[in-house]
Amino acid sequence: MMASLEQTDQKVVFGLDIGTRSVVGTVGYMNDGQFNVIAQAVEKHQTRAMLDGQIHDIGKVGATIRVVKEKLEQQTDIHLTDVCIAAAGRVLRTVRTTYEYEYPESHDITDEDIYNLDSAAVQQAYSEFLQKNTSDLKFYLVGYSVMHYYLDGYQIANLEGHNAGKVSVELIATFLPDDCVDGLYKACERAGLNVANLTLEPIAAMMVAIPDRFRMLNLALVDVGAGTSDICVTNDGSITAYGMLPIAGDDITEIIAQHCLVDFNQADEIKIAASHNDRVDFIDIMGLRKTITAKDIAKIIRPQVDMMAKKAAEEIKRLNGDKPVSAVFVVGGGGCVPGYTKAIAREMDIPEERVALRGEEVMKSITFLNNDGIERDSLLVTPLGICISYYEEANNIIFVSFNGEQTRIYDNGKLQIIDAAMQASFQNEDLFPKRGQELRYFVNGKERVARGEPGEAAVITLNGKSADIHSKIRANDIIDVTPSTAGEPGKAVIENIPEFKTKFMVNVNGVNVEASRFATVNGEPQTALYSIKNGDDIQILDYNTVEQVAALMDIEITEDTYIIVNNEHGDKTTPVYENFKVEFKDREEAIMEYYRDFPDADEVAVSQANEEAYESDDYDIRKFEGRSDEMGYEDLPDDDGEYHRSEESVKNILARDLHIMVNNDAVTLHGKPEYVFVDIFDSIDFDLTKPNGRAIVTTLNGKTPDYLQSIHEGDKIEVYWK
């Protein structure tokens with residue numbers, strides 16, 4: 001018989017709880033905050049078409065949904081076309097990640113900085129998740145929970161307002177795989193239904209189990225089903241984390257089956273009966289009639305219940321930043337076993353009254369119009385929550401248009417354009433201004449970085465109006481994003497290097513002069529205006545060469561220029577450090593200047609000889625007796641009757657020969673009582689006026705001499721052009 005009323009006209013909601021064992025359908029409507037249930041229907045799967053909340057056979061699940069739909073249409077006389085469904089919490093995937101960001105300079109942290117930090121961490125978690133999943137499936141972000149914030153490496157409760165150079169966040173992000181959503185949609189389509197709303201089972205359960213006024217608290221909800229235990233944690237009005245444990249009611253059923261020697265289905269019936277009766281009668285596989293008390297069953301399953309509670313408590317604390325929640329609510333058939341709530345309280349170290357099984361006491365806002373013996377227990381929490389979630393603006397899968405493409409996204413009540421961009425696989429860096437390529441180079445062995453210039457931010461419109469990445473979005477919004485641009489690459493010139501800007505003092509020809517630094521790039525000298533390139537190795541020299549000092553003073557260095565650096569002979573390449581003294585002179589002038597200051601050896605010798613002669617009483621007799629033939633005019637007495645030897649005679653007496661080796665040749669110097677280094681040029685063939693190289697190299701016994709340094713018998717000298 002065809003239904004005579006249309007669903008849209010009646011403004012009723014049709015909800016389906018598509019579970020592993022069965023499909024539960026509910027039809028009702030909301031009126032003045034009260035949800036009114038018109039009809040309910042249950043149909044078990046004929047085969048194992050679903051496993052652990054995942055559809056394995058779309059056709060068979062679709063057939064079961066159609067049966068439930070037809071039952072409800074018969075009860076209500078309403079043609080059902082739109083359905084609300086929920087994805088099982090057990091198919092959710094979680095990723096724990098840590099993201100770190102270092103500011104270019106110290107920065108006062110704002111709320112927006114924290115949001116951007118969290119968003120970047122979620123984006124990183126999503127990337128890590130995709131790397132581990134090689135399929136082409138998409139995943140929906142359904143929530144994240146911050147575990148810890150860090151300020152300059154130290155854990156901190158709240159970053160806002162602090163001044164920091166480096167911040168980081170550790171969080172857990174939860175994702176819903178697209179194949180799960182797609183399978184649910186296709187199964188409903190097989191039954192002739194259009195999906196009007198999709199939420200998550202933990203959220204649907206929360207709609208009923210946790211009243212709205214309590215959702216600002218830090219609470220946990222544990223939905224203990226047949227195959228898994230789904231967990232969600234709430235704080236500040238939203239679900240912050242999800243978890244799943246692969247242990248639940250079926251594990252308890254198997255223990256009962258082994259103890260009572262019955263099949264799995266009968267063991268499940270014994271488990272349910274024991275929760276309502278003191279004694280349960282059954283027939284084992286041997287055909288024997290047996291009886292077992294509820295106390296005996298509780299004793300048998302106690303170790304398994306304790307283990308389930310312990311693992312649930314550990315997972316709750318992990319999802320809540322390694323700390324217990326304020327209270328725990330338990331729903332689902334698996335949570336009805338004796339001792340489970342008390343065991344969770346014990347493991348969480350919270351009072352027993354803060355762990356409660358939710359059932360009829362949370363259904364005060366729900367009215368069953370056709371009360372056909374329906375028991376208002378925790379088994380109904382999720383099916384009813386699926387219907388109620390239809391009236392919520394958040395916690396549903398919605399569609400938005402992103403750059404012309406329909407994008408399905410999970411609405412957690414805080415959706416912004418940046419969330420839609422991530423879901424549409426729009427690159428995060430294309431939203432924010434991109435800096436140009438940074439320039440990396442080395443100065444005196446240490447790496448330097450010149451950051452690129454920031455580019456233009458992405459141009460964003462929401463429904464045709466200008467927007468930004470934090471603009472709120474709703475179902476069917478139209479979002480258009482033009483990617484951001486990159487700025488100019490990093491630039492640097494040598495003259496802007498701090499070390500290059502410093503100057504130092506040198507003394508040039510008696511005048512103090514301020515000298516500039518010079519630099520080499522990859523071993524080659526470069527000017528101050530040189531544009532630095534990636535990888536350049538720059539050395540800022542702490543000296544100038546003599547040639548650079550000469551250029552500074554407009555002094556021309558010629559072949560005849562004699563260079564003196566700190567009283568030592570130098571050349572064009574000699575380093576001139578801070579406070580060094582540099583003199584530029586004509587070579588002949590320099591030699592003569594030093595020679596002029598040195599006493600004349602002949603004059604000294606004559607003076608000394610004369611003094612010795614005059615002081616001797618027998619000098620004249622000794623010199624003139626028997627030697628009248630040697631006397632000349634210069635030896636005759638003067639007007640005073642005194643006799644004098646000529647100066648030339650004295651010189652001849654004091655002069656001596658000096659035998660040395662010059663360039664491995666024997667050389668004899670004549671005519672002087674003492675000799676200095678420059679005297680060798682009077683006796684060797686070495687023309688200083690005809691250079692045969694850049695500089696003259698001189699050594700005296702293997703060392704560099706001064707030109708006026710005394711030389712002695714047997715000295716070994718080298719003189720050559722270089």
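For the structure itself, consult the block above.
Before going into details, it helps to say that this report is about the structure given with it. (Residues numbered from 1 in each chain as written. Predicted model: local features only at pLDDT ≥ 70, side-chain atom pairs only at ≥ 80, totals over all residues. Heavy atoms only, no water.)

## Some words on the side chain of Asp17
No. 1: On the secondary structure map, Asp17 appears in strand β2 (residues 13-18).
No. 2: With a relative accessible area of 13%, Asp17 lands in the buried category. (Helix = DSSP H or I, 4+ residues; strand = E, 2+ residues; numbered from the N terminus. Buried < 20%, exposed > 50% of the residue type's maximum accessible area, 1.4 Å probe, protein only.)

## Overview of the sheet that holds strand β33 (residues 537-540)
No. 1: In space, the five strands of this open sheet follow the order β25-β24-β33-β31-β32, with mixed pairing throughout. Pairing within the sheet leaves two strands with one partner each, and these edge strands are β25 (446-450) and β32 (524-526). Mean inter-strand twist for the sheet, computed between neighbouring axes without regard to direction, equals 35°.
No. 2: As paired elements, strand β24 (residues 439-443) and β33 share two bridges and run parallel to each other. The residue bridging Phe442 from the neighbouring strand is Asp537, located in β33. (Pairing = 2+ DSSP bridges. Axes fitted to C-alpha atoms, helices over the stretch in contact; angles between N-to-C directions.)

## Some words on helix α7 (residues 264-274)
No. 1: Those residues of α7 that fall on the buried side of the exposure criterion are Ala267, Asp268, Ile270, Lys271 and Ala274. The buried residues of α7 occupy an angular sector of 160° when the element is viewed end-on, so they sit on one face. Looking at α7, the residues exposed on the side facing more than 90 degrees away from the buried face are Asn265 and Glu269.
No. 2: Where α7 is buried, its residues contact α6 (249-260), β17 (279-283), β18 (289-293) and α8 (294-319).
No. 3: Capping the start of α7 is the job of one residue whose side-chain oxygen sits 3.3 Å from the backbone nitrogen of Asn265: Asp263. (Arc of directions from axis to C-beta. Contact = heavy atoms within 4.5 Å. Polar contact = N/O pair within 3.5 Å; in protein donor to acceptor, adjacent residues only side chain to side chain.)

## What about the nonpolar core?
No. 1: Within the largest apolar cluster, 68 residues are counted, with the highest numbers of intra-cluster contacts made by Leu16, Ile18 and Ile65.
No. 2: Here the element with the most residues in this core is helix α5 (residues 201-209); it accounts for seven residues.
No. 3: Sequence-distant contacts of Ile65, that is, excluding residues within four places in its chain, are made with Leu16, Ile18, Val23, Ala187, Cys188, Ala191 and Leu193.
No. 4: In terms of nonpolar packing, the next biggest core, distinct from the first, is built from 43 residues, Ala220, Val233, Ala241 and Ala313 among them. (Core = buried A, V, L, I, M, F, W, Y, C linked by side-chain atoms within 4.5 Å.)

## Here we look at the pattern of salt bridges
No. 1: Within this structure, the stated rule accounts for 15 salt bridges.
No. 2: Here Asp430 makes a salt bridge to Lys434, at a shortest N to O gap of 3.1 Å.
No. 3: In this structure, the salt-bridge partner of Arg440 is Glu438, at a minimum N-O distance of 2.7 Å.
No. 4: Each of Arg96, Glu170 and Asp322 takes part in salt bridges that share partners, so that together they form one network. (Salt bridge = Lys/Arg side-chain N within 4 Å of Asp/Glu carboxyl O.)

## Side note on the sheet that holds strand β29 (residues 503-508)
No. 1: Pairing in this open sheet of five strands is mixed, and the strands run β30-β29-β38-β35-β36 from one edge to the other. Of all the strands in the sheet, just β30 (511-516) and β36 (568-570) have a single pairing partner and so form its edges. The average angle at which neighbouring strand axes cross in this sheet is 35°, direction not considered.
No. 2: Direction of pairing for β29 relative to β30: antiparallel, over a ladder of six bridges. Counted as the bridge partner of Asn507 is Asn512 from β30.

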